[in-house]
Structures are given as C-alpha cells and as structure tokens.
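Coordinate analysis (summary)
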Amino acid sequence: MNSRRSLLASVSALAAMSLVHATPGAAQDAMPVVASFSILGDMVERVGGEHVAVTTLVGRNGDAHVYQPTPQDARAVSEAEIMFVNGLAFEGWLDRLAEAASFDGNLVVATTGIEPIAFDGHGDEHGDHDDHAEHGDHDDEEHEEHADAHGDHDHAEHEEHAEAKDDHDHDHEDHADAHGEHDHDEHEEHAEAHGDAHGHEDDHAGHDHGGFDPHAWLSPTLAITYVDNIAAALAQSDPANAATFYENRASYVAELEALNEEIVALTAGLPDERRTVVTSHDAFQYFARDYGFTFIAPQGVSTESEASAQDVARIIEQIREEGVSAVFVENISDSRLLEQIANETGASIGGTLYPGALSEEDGPAATYLDLMRHNATVLSEAIGS
C-alpha cells in the first residue's frame, strides 16, 4: 500500500510540473531549433527570444572544426523545426549527423548572400587588401553606407532581399524552402555555389573548406546578413511571432552597427607597421579586411590541419623581420605551438582571442558582441602598447 501511495504521489508531482511548464509563453511552447555552434546559437537566441528553444551543438569554448556529434545531438536535430548552420563547409560533420537524425526540418545556411573570402592555403597576407590600405581609417559616412547595404532594411525591404536570394521558383512565403527543403540535386547545386556545410567532400583531410574562409561572423557587418537570414527563417516557420522576430532583428542590427563603429575607432590609430598579428589558426581574414590588419598563423582555416615545420619556420622568420612584438593564443586551440614561437622569437603572449566559440557565461566573450569587443580590445591594447 505504501509503495502504491508513493507511486501515486510521484505521478501527481509530475502532473503538477507538467501544468507549470504548460503555461503560456513557457519554454515547451517555444519552437525547437538547433544551432551548429555557440556564436550562431547566441545570434538565434537574440532574434528568437522567448519564442525559440535553442539547442547549440558545439558549446562554449568548443572547436567546431573537430567536433564529434553525440547521440544527444542527433536527438535534438531530429526534433528541431529549424537547424541553423554557418555553411561554407564549416561543419564538416553535419551531413552525417543530419542523416543519422533523419532530419526533415528546415536547414538554414546563415552565410547565404555573403561573398566569402578565398583561402589561398597560406598563413600570411590575408588582410593586406588594397581597398583597406588605410588600415581601418574609414569615416562615419562610409560605414553607415556599408551597414545599410548589409542590413538596415525595414520589414518589406527585407522580404524583397530574401526573394532576390531565393534561387527557386516560389515566392517569399516559401522562404524556408529556399534555405533548406531542397531535393538532393538542388541542394548539391546550392552547396557548390555557396560552399555550405553540405558541399564538402567525403574525404575531409585537411579541411580545406571548399577554398573559402568560413569565419565570416568575425565581421560585424557580415553578421548582419546572418541575422537577416535567421529572422527570415524564424518568421517563415512561426508567422504569428514574425513581428517580434523583426523587431528583435532591428535592435540587434543597431547594436552590430554600433559595434562596428566602436571597433573602427578602437583600431584606427594603431601604427601601420604593427598591424601584423600572429594567431593559432587562420580565422581572422574578415576581421583583417574590415579593420586593416594582416594575420598570419601556423595552421590553416581549420584547427584540424597540422602546422608544418616549414610553416612555423616561415612565421618565425617573418616575426623577426617585421618586429612583431606579440602573438595571440585562442580559446579553441592548444597554446603550446604559439608559446614555442613566442619563446624562439622573444615575442610576448598578447592575450587570448576567441575566433570560433564563446567563452563561459562569466567569461570575457559570453555573447557574440562581447566576443568581438574583447578581440578588438585585446589586439589594440597589445599592438598599441
């Protein structure tokens, strides 16, 4: 009898908990979505707010380049209505995960509409572009125009922009299909055109990322395109809350534009001769292009690639020739190689950068905005000192 009463008490407690969680606006009423890595998950949460329940596959301080999905990941993907990915072949493990999870939701490639930077296979001279020869010395008017071009649209303008990017014979009401519900042949064509996560080859040796740098989020102006794609997909899947998604988008875009101006001001006065930066892997090409730096790294665009002795020797020589005073470790990379380079050249460790993953919640890069602000501050303080 006591065991029966105990069982009934347990069932009653569970029922009470279910009633609590079933209240309007509770988490279980939110749309289940998946984001491939922590930075993208943060963006989705900013746009979706309380109307989305975001599961992030590669968590804080996690390296998406070498990630191995878990059974829990497959379960989350199978239950998700939308899966947000970076694309540009960043998530080399995505195809296998989607297949294992029998994912039949909407796949949204956040970099759709972004023209990627080609990766030439070398660790130097990635930020030395003619159109940024002034090393970040842009006036406010130029940046306002650039920000407008990437995301300062009202709701109607954004719908037109989404239609222009949709390469299929349907209207904006089918926008979600444009991002993911393709048949196999259409998706292969999309992958070839954009280098997305489904465009990688079966052999991932070296992770060449289809010849493109996938780290486009390291440009705040390009992050606006991420946010545009996120908002459009959420609005398509949950039209009842579309107005809220676009309101959240607008406020977030305003913060991204302000962040860009802040980084421009922070880096504009740095001397040209000290703008060569050494990091663990080649992730900062978009940042370099925006703000006038040159980044060199012993590893390529993926942390999975191994630095050769020749690459390390070349970087050591370049550090000595150019008088580079500091090198920077990364939260997702083993710091020992950079420490070795610093020891051999006399350079100091300038700090820790966060190229591909957020820090812990109480750390310096808890959100995307914090991450970008931290990276720019660490770089400017080390270079300017």
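Note that residues are indexed from 1 along each chain, following the sequence as it is written. Local features in this predicted model are restricted to residues of pLDDT 70 or higher, and side-chain atom pairs are both shown and tallied only at a pLDDT of 80 or more, whereas totals for entire chains, interfaces and linings draw on every residue. Excluding hydrogens and water, the side-chain figures rest on all heavy atoms present in the structure.

1. A look at the overall build of the protein chain
The criterion, for reference: Secondary structure elements are taken from DSSP: a helix is a run of H or I of four residues or more, a strand is a run of E of two residues or more, and numbering for both begins at the N terminus. The classification of residues rests on relative accessible area computed with a 1.4 Å probe and restricted to protein chains. Under 20% of the type maximum is buried, over 50% is exposed, and intermediate values are partly exposed. By definition, residues are in contact when any of their heavy atoms lie within 4.5 Å. We get accessible surface area from the Shrake-Rupley algorithm with a probe of 1.4 Å; when it comes to residues, only the shown protein chains can shield them.
Check the secondary structure of the protein chain and you find 14 helices and eight strands. Buried positions account for 52% of the 385 residues belonging to the protein chain. Relative to all contacts within the protein chain whose residues are 6 or more apart in sequence, the contacts with residues 24 or more apart total 70%. If you sum the accessible surface of the protein chain, you get close to 17400 Å²; carbon and sulfur atoms cover 46% of it.

2. Re the pairing of strand β1 (residues 31-37)
The cut-off we apply is this: DSSP bridges decide pairing: two strands pair if at least two such bridges lie between them. Orient the strands so they point away from the viewer; a crossover is then right-handed if the path from the first strand over the helix to the second runs clockwise.
β1 sits mainly inside the fold: six of its seven residues count as buried. Pairing analysis gives six bridges linking β1 to strand β2 (residues 52-58), with the strands arranged parallel. Residue pairing for β2: A35 is matched across the bridge by T56. Once you follow β1 into helix α2 (residues 38-48) and on to β2, the crossover reads as right-handed. Pairing analysis gives three bridges linking β1 to strand β3 (residues 82-85), with the strands arranged parallel. Bridge pairing links A35 to F84 in β3.

3. As for the environment of T55
For T55, the location among the structural elements is in strand β2. Between the C-alpha atom of T55 and that of V33, which follows or precedes it by 22 residues, the distance is 6.3 Å.

4. What about the nonpolar core?
The line we're drawing: Here, nonpolar core refers to any group of buried Ala, Val, Leu, Ile, Met, Phe, Trp, Tyr and Cys residues whose side-chain atoms link them within 4.5 Å.
Membership of the largest hydrophobic core comes to 86 residues, with the highest contact counts inside it found for M43, F84, L234, F287 and Y368. For this core, the leading source of residues is helix α9 (residues 220-237), giving eleven residues. Residues in contact with L234, not counting those within four places in the same chain, are M31, V33, V44, V47, G48, V52, I82, F84 and F245. Core analysis: the next-biggest nonpolar cluster, separate from the first, contains 13 residues, V278, I316, V327 and I341 among them.

5. Description of the packing of aromatic side chains
Two descriptors summarise a pair of aromatic rings, namely the distance from one centre to the other and the angle between the planes of the rings. Heads up, the rule is: Aromatic pairs are defined between Phe, Tyr and Trp rings, using the six-membered ring for Trp, whenever the two ring centres lie within 6.5 Å; interplanar angles under 30 degrees are classed as stacked, those over 60 as edge-to-face, and all others as tilted.
In total, this model carries ten aromatic pairs according to the counting rule given. Three or more aromatic residues joined by ring pairs make a cluster, and in this case those are F284, F287, Y291, F293 and F295.

6. Things to note about the confidence of the model for the protein chain
Counted only if it meets this: Per-residue confidence from the prediction method is given by pLDDT, with values spanning 0 to 100.
Of the residues in the protein chain, 66% have a pLDDT of 70 or more, and the chain-wide mean is 76. For residues 122-210, every residue scores under 50 in pLDDT, and the model assigns this stretch 158 contacts once sequence neighbours within four places are set aside.

7. Considering the pairing of strand β8 (residues 348-353)
Both strand β7 (residues 326-330) and β8 contribute to a ladder of five bridges, which runs parallel. Its bridge partner lying in β8, V327 is registered against I349. For the crossover from β7 across helix α13 (residues 336-345) to β8, the handedness is right-handed.

8. Concerning the sheet that holds β1
Put simply, the rule is: A fitted line through C-alpha atoms serves as each axis, taken over the contacting stretch for helices, and the angle formed by two N-to-C directions is quoted from 0 to 180°.
Here we have four strands laid out as an open sheet, ordered β2-β1-β3-β4, and parallel in their pairing. Looking at which strands have only one partner, the edges of the open sheet turn out to be β2 and β4 (106-109). Strand-to-strand twist in this sheet, taken as the mean axis angle between neighbours without regard to direction, amounts to 20 degrees. Of the strand pairs in this sheet, β3 and β4 are connected by four bridges, and their pairing is parallel. Paired with M83 across the strands is L107, a residue of β4. Of the strands in this sheet, β1, β2, β3 and β4 are in contact with α9, which crosses β3 at around 175 degrees.

9. Observations concerning the environment of R274
Structurally, R274 is set in the loop between α10 (242-267) and β5 (276-278). Residue R274 is classed as partly exposed on the basis of its relative accessible area, which comes to 27%. Spatially, the C-alpha atom of R274 lies 6.8 Å from that of V324, the residues being 50 residues apart in sequence.

10. What to know about unusual backbone geometry
A positive phi angle, near 60 degrees, is found at N61, a position not held by glycine. Looking at the element boundaries, N61 is found in the loop between β2 and α3 (71-79). Positive phi, normally seen in glycine, also occurs at L88, with a value near 55 degrees. Relative to the helices and strands, L88 resides in the loop between β3 and α4 (94-100). A residue is classified by how much of its surface remains accessible, and L88, at 1% relative accessible area, is buried.

11. What about α2?
Here α2 lies mainly inside the structure; nine of its eleven residues are buried. Within α2, burial applies to S38, I39, L40, G41, D42, M43, V44, V47 and G48. The inward-facing, buried residues of α2 contact β1, β2, β3, α9, α10 and α14 (368-384). At the exit of α2 stands G49, carrying a positive phi of roughly 60 degrees.

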